[in-house]
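In case you want the letters, here they are:
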Amino acid sequence: MSIYDIEETIALDLGTSNSCCYYSKEGHIHILQSENGEYTIPSVLRFMDDGILIGRLAKQHIGKPDTAFELKRILGRKYDDPVVQECIKSWSFTVEPNEKGLPVAVLKSDNMTFDITPSDFYTYLIRHFKEQVEKKIERKVKSIILTVPAYFGEYQRRETISAAKTADLDVVYLMNEPTAAAIAYACENDLRNKTILIYDLGGGTFDVSILRVTNSFDVIATSGDAHLGGIDFTNRLYEWLLDSIKEEVGEIELTEKMIASLRAQAEEAKLGLSINEYHEIDLSDLNIELSTIGVTREDFNLATEDLVERSTVVVKDCLSQAGMIPKDIDEVIMIGGSSRIPAVRDAMTSFFGGREVKATINPDEAVARGAMCFVCQKAGHNMVCGMNDITDGTNIPVGGEGKVFAPESIEIHDISPMQYVIEIPNDEVDIVVPKGARLPFKKITRYQTIVDYQEMITLDIAQGNSMKYSENDEYQQLVFDTIPRKPKGEVKVDLTVTVDPFCQVSFKAFCNNVPARPTILKNRGSTAKERKETQAMMKNNDRLQSRNLCSQKINELKERLDELMSTDPNIGQYYQSVVDWFNNTPDAPIEDYLSTINYIDIALHPLLNVCKKHITVLSLSCNNVYITILQTQVDEMFFGRYTKSTYTQMKVRCLIIISIHYTYLKERSRTTFASIMLFSHTSNHSKVYQSHQEECDLISCSQHIFTIIAQTYCIQLTVHLFLKQLLS
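## Some thoughts on the nonpolar core
Logical step 1: One finds Trp 91, Phe 93, Ile 126, Ile 144, Leu 146, Met 175 and Phe 374 to be the most contacted residues of the largest nonpolar core, which totals 93 residues.
Logical step 2: Looking at this core, the element that brings in the most residues is helix H11 (residues 366-378), giving 9 residues.
Logical step 3: Those residues in contact with Ile 144 that sit more than four places away from it in its chain are Thr 9, Ile 10, Leu 12, Ile 126, Ala 164, Leu 169, Asp 170, Val 171, Val 172 and Tyr 173.
Logical step 4: With 44 residues, the next largest nonpolar core counts Leu 201, Phe 206, Met 258 and Val 308 among its residues.

## Side note on the side chain of Asp 218
Logical step 1: As for its placement among the helices and strands, Asp 218 is situated in strand S15 (residues 217-225).
Logical step 2: Here Asp 218 is buried and forms no salt bridge, its nearest opposite-charge partner Arg 438 lying at an N-O distance of 5.2 Å.
Logical step 3: Of the polar contacts made by the side chain of Asp 218, one reaches the side chain of Ser 216; its length is 3.0 Å.
Logical step 4: Not counting chain neighbours up to four residues away, the residues in contact with Asp 218 comprise Ile 210, Leu 211, Arg 212, His 413 and Arg 438.

## Observations regarding the sheet that holds strand S13 (residues 194-201)
Logical step 1: Strands sit in the order S18-S13-S14-S15-S19 across an open sheet of 5 strands; the sheet is mixed. The sheet terminates laterally at strand S18 (331-335) and strand S19 (412-413), the two strands that pair on one side only.
Logical step 2: Inspection of the sheet shows S13 paired to strand S14 (residues 206-213) by 8 bridges, in the antiparallel sense. Following the sheet pairing, Asp 200 is matched in S14 by Asp 207.
Logical step 3: The sheet strands contacting helix H9 (residues 305-322) are S13, S14 and S15, and the helix crosses S15 at an angle near 145 degrees.

## Examining the packing of H9 against helix H10 (residues 342-351)
Logical step 1: Following both chains from N to C, one finds H9 and H10 inclined at 40 degrees, their axes separated by 10 Å at the closest point. As H9 runs across H10, the sense of the crossing is right-handed. Each of Val 308, Thr 312, Val 315, Lys 316 and Leu 319 in H9 lies in contact with H10, whose residues at this interface are Ala 343, Val 344, Ala 347, Met 348 and Phe 351.
Logical step 2: Looking at the contact of H9 with H10, its residues break down into 8 nonpolar, 1 polar and 1 charged.

## Notes on the sheet that holds strand S7 (residues 67-69)
Strand pairing in a sheet takes place through backbone hydrogen bonds and is either antiparallel or parallel in direction.
Logical step 1: Across the sheet, which stays open at both edges, the 3 strands sit in the order S6-S5-S7 with antiparallel pairing between neighbours. The open sheet is flanked by strand S6 (51-54) and S7, the only strands paired with a single partner. Sheet twist, expressed as the mean angle between neighbouring strand axes with direction ignored, is 20 degrees.
Logical step 2: Pairing between strand S5 (residues 44-48) and S6: 4 bridges, direction antiparallel. Pairing of Met 48 across the sheet is with Gly 51, part of S6.

## Quick notes on the pattern of salt bridges
Logical step 1: Inspection of every chain in the model, using the stated rule, returns 30 salt bridges.
Logical step 2: Its salt-bridge partner being Glu 38, residue Arg 56 comes within 3.2 Å of it at the nearest N-O pair. Placement of the pair is Arg 56 in helix H1 (residues 56-59) and Glu 38 in the loop between strand S3 (28-31) and strand S4 (41-42), with a sequence separation of 18 residues.
Logical step 3: Judged by its relative accessible area of 29%, Arg 56 falls in the partly exposed class.
Logical step 4: With relative accessibility at 26%, the residue Glu 38 sits in the partly exposed group.
Logical step 5: Put simply, Asp 81 and Arg 77 hold a salt bridge, and the shortest N to O gap is 3.2 Å. Assigned by exposure class, Asp 81 and Arg 77 land together as buried.
Logical step 6: Salt bridges linked by common partners bring Asp 5, Glu 8, Arg 139 and Lys 142 together as one network.

## A few points about the pairing of S5
Logical step 1: Most of S5 sits inside the fold, with 5 of its 5 residues counted as buried.
Logical step 2: Going residue by residue along S5, you find Val 44, Arg 46 and Met 48 tucked away on one face and Leu 45 and Phe 47 tucked away on the opposite face as well.
Logical step 3: In terms of strand pairing, S5 meets S7 through 3 bridges, oriented antiparallel. Bridging from a neighbouring strand, Val 44 pairs with Phe 69 of S7.
Logical step 4: Counting the residues between successive antiparallel strands, the hairpin from S5 to S6 contains 2 residues.

## So, the packing of aromatic side chains
Logical step 1: Per the counting criterion, the structure on display carries 18 aromatic pairs.
Logical step 2: Ring centres 5.6 Å apart and planes at 80 degrees place the aromatic pair Tyr 420 and Tyr 475 in the edge-to-face group. Note that Tyr 420 is positioned in strand S20 (residues 420-424) and Tyr 475 in strand S24 (residues 473-480), a separation of 55 residues in sequence. With respect to burial, Tyr 420 and Tyr 475 carry one shared label: buried.
Logical step 3: These aromatic residues form a ring-pair network of at least three members: Tyr 155, Tyr 420, Tyr 475 and Phe 507.
Logical step 4: Sitting over the face of the ring of Tyr 238, Arg 263 holds its NZ or CZ atom 4.1 Å from the ring centroid.
Logical step 5: When the ring centre of Phe 582 is taken as reference, the NZ or CZ atom of Arg 547 above it lies at 3.8 Å.

## So, the environment of Lys 108
Logical step 1: Residue placement: Lys 108 occurs in strand S9 (residues 103-108).
Logical step 2: Taking the C-alpha atoms as reference points, Lys 108 and Pro 65, 43 residues apart in sequence, are found 5.6 Å from one another.
Logical step 3: Apart from the residues lying within four places of it in its own chain, the contact partners of Lys 108 are Pro 65, Asp 66 and Thr 113.

## Structural notes on a negative patch on the surface
Logical step 1: On the surface, a cluster of negative charge is made up of Glu 239, Asp 243, Glu 247 and Glu 248.
Logical step 2: Along the chain, the position of Glu 247 falls in helix H6 (residues 230-249).
Logical step 3: On the basis of relative accessibility, which here comes to 70%, the residue Glu 247 falls in the exposed class.

## As for the packing of H6 against H9
Logical step 1: In contact at an axis separation of 10 Å, H6 and H9 are set at 160 degrees when each is read in the N-to-C sense. Overall, the two elements H6 and H9 adopt an arrangement that is roughly antiparallel. Our pair here, H6 against H9, has a crossing hand that is right-handed. Contact residues: Asp 232, Phe 233 and Arg 236 in H6; Asp 306, Leu 307 and Val 308 in H9.
Logical step 2: Residue composition of the contact of H6 with H9, grouped by class: 3 nonpolar, no polar and 3 charged.

## Quick notes on the confidence of the model for the chain
Logical step 1: Chain-level pLDDT for the chain is 80 on average; 78% of the residues reach the 70-or-more range.
Logical step 2: With pLDDT under 50 throughout, residues 640-648 is counted as low confidence; its partners more than four residues away or in other chains account for 18 contacts.
Logical step 3: Low pLDDT, under 50, characterises residues 662-728; the stretch is placed with 111 contacts to residues that sit more than four places away or in other chains.

## Digging into the pairing of S24
Logical step 1: Most of S24 is tucked away, with 6 of its 8 residues classed as buried.
Logical step 2: Sheet topology note: the strand S23 (residues 457-463)/S24 ladder contains 7 bridges and is antiparallel. Bridged to Ile 461 within S24 is Gln 476.

## With respect to the environment of Asp 5
Logical step 1: By the secondary structure assignment, Asp 5 is in the segment before strand S1 (9-14).
Logical step 2: One polar contact links Asp 5 to Arg 139, side chain to side chain, over a distance of 3.1 Å.

## Some remarks on unusual backbone geometry
Across residues other than glycine, the phi torsion is negative in most instances, and most of the peptide bonds are trans.
Logical step 1: Backbone torsion omega between Leu 439 and Pro 440 reads -5 degrees, so that peptide bond is classified as cis.
Logical step 2: In this structure, Tyr 453 takes a positive phi of about 55 degrees despite not being glycine.
Logical step 3: Position of Tyr 453 relative to the elements: it lies in the loop between strand S22 (441-448) and S23.

Here is what the cut-offs are and how they apply
Residues numbered from 1 in each chain as written. Predicted model: local features only at pLDDT ≥ 70, side-chain atom pairs only at ≥ 80, totals over all residues. Heavy atoms only, no water. Core = buried A, V, L, I, M, F, W, Y, C linked by side-chain atoms within 4.5 Å. Buried < 20%, exposed > 50% of the residue type's maximum accessible area, 1.4 Å probe, protein only. Helix = DSSP H or I, 4+ residues; strand = E, 2+ residues; numbered from the N terminus. Contact = heavy atoms within 4.5 Å. Lys, Arg positive; Asp, Glu negative; His and termini not counted. Salt bridge = Lys/Arg side-chain N within 4 Å of Asp/Glu carboxyl O. Polar contact = N/O pair within 3.5 Å; in protein donor to acceptor, adjacent residues only side chain to side chain. Pairing = 2+ DSSP bridges. Axes fitted to C-alpha atoms, helices over the stretch in contact; angles between N-to-C directions. Left-handed = near helix turned anticlockwise from the far one by under 90°. Nonpolar A, V, L, I, M, F, W, Y, C, P; charged D, E, K, R; others polar. Phe/Tyr/Trp six-rings, centres within 6.5 Å; stacked < 30°, edge-to-face > 60°. Lys NZ or Arg CZ within 6 Å of the ring centre and 35° of its normal. Patch = residues over 30% accessible without salt bridge, like charges linked within 9 Å, V, L, I, M, F, W, Y side chains within 5 Å. Areas by Shrake-Rupley, 256 points an atom, 1.4 Å probe, with all protein chains shown as cover. Charge placed at Lys NZ, Arg CZ, Asp CG, Glu CD. Parallel < 35°, antiparallel > 145°, perpendicular 65-115°, else oblique. pLDDT = per-residue confidence, 0-100.

In structure tokens:
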């Protein structure tokens, strides 16, 4: 492991559907929360002319040609790989091969086209998490521990590392997801001298690992399915939904918007059926004769029965590799968001003889949490004492005497997820790295000539688990162009293979101390030159998007110029100076565009200054999570769904938000905090806006809305005097 500062290191679980990040600050580990206070962020990117949306906001646009998702499924694969071809059938964006024969997502916004490789996709995600954590810790993030599915081969691992390096991060460790989950579970449960099976059913991938926990975490066997996850369960429900609608109303022509709506409804139904036996799906957006349709858990189970069975087959394969039967497993630990599906848990309970499967750790957060604990321990920090209760925003460590059983020193003994072979006659193979080999691995194999007076030797190397060479994935070819011409068997070649803890493989061959020449190297990973090119591409995209956004803001300022000049005569002069600067500086730095955008926003929204002033005051007394929520609400009001409200309506809403936050600061009331979270979803305040119109008395309007909120959430809010202060 490389040298790192734990306070400048993040642990990141890059999931197919959702990602989760942990970081360390002041001796505690924290989970990164999204702007909406969520602990996981959708792994979705939307590329627009004026910027990139990441996470929940981007997910709302799935179905559009500018929005990418699920690219983890094709990471490190060739374009003609059957997995890639199967994936792109259901994607709304175009995927094309590049000059290396690797898949590239072609995303089209209104006026721009973005060519994004799966590695680029994850670079954008990693950079996002890096920047968000830097805001929290107020220092640079320099290192990262990443997690990957246990069955990931070298190509996928290499691309994962490349994505982090392109984001200017040093990869401290590349950890298998089930192993990370086992560490997280071991921090709060006694696993000493136990054999455990980690069942990791995520959004797009499925992993099974068997580990033996003593003074170390020894991986015994791994197995997986690259094309099995929550997405497939959602797709089955989507197909069921289409068939059910067809039965009721006949064939319907689906638009992109309708498809996106149905997929969202299918996902919501899947989540609902994990809790309830019945879920009603709203079809009102489709404008068809059918307004709702109901789905039962039994319907869902029948539609996904074969998917559950596929997961059981993988568990059987993992047990077979380990030479075990179900009763040899002491504990079965369920992680991954899709492990919440009742049929999945029931199947595992039945398979393991009725024993209860363990689901006591959060399945969405366990992997990132375990990875962070690992790097903390390796850096000499007690991971247990530093663990936070993530159910609130405090810095209170959890654990305690009699509860935590984590090993004092964490050592991981991992294994190779697949084998490497040398071609021998008749399409047969000689295994040089067996699947399940303990890492790090090194082996020297001697080969000899098989023909009298042979003039050259070629070693063909492939990666894969088939015993037929042609069915494996060609990896490298080592050639000796000239060798001594002797009878067969007299010329020897020594092949040395090494595999590091990251599963990165190296082959070297020598004949009479002369090294072999590599003539074919299927290098799918990004080179240092390519990473620099990607960084330049990302920077250029950022600059173009910032310039486009700045142009939009300048036009917005122009449209409101007459209105704003009535209160600020100098605004016209400012507008002309901005236009002149923009036209004369086509290649301005990103920072200049962002600064100009900020000044225009203040000119367009004078009330924004009031909000920022009070946010600054609140930030001195509140934790970061709380301030993030407030900032999000203010941004939503000025730049989100309320931008079409009248200025008076926006001012009322602003006063309400700030006042509620001050009340929370004073009372520290969880009920008040709940009202902040839920206020955006109530429709009552819009009725008040309509009744008061432009001439409304701001104080009475605000007080009226407060009364509604107080009645709705059963809280007392006395902020009349405070409102007067704000308005003065």
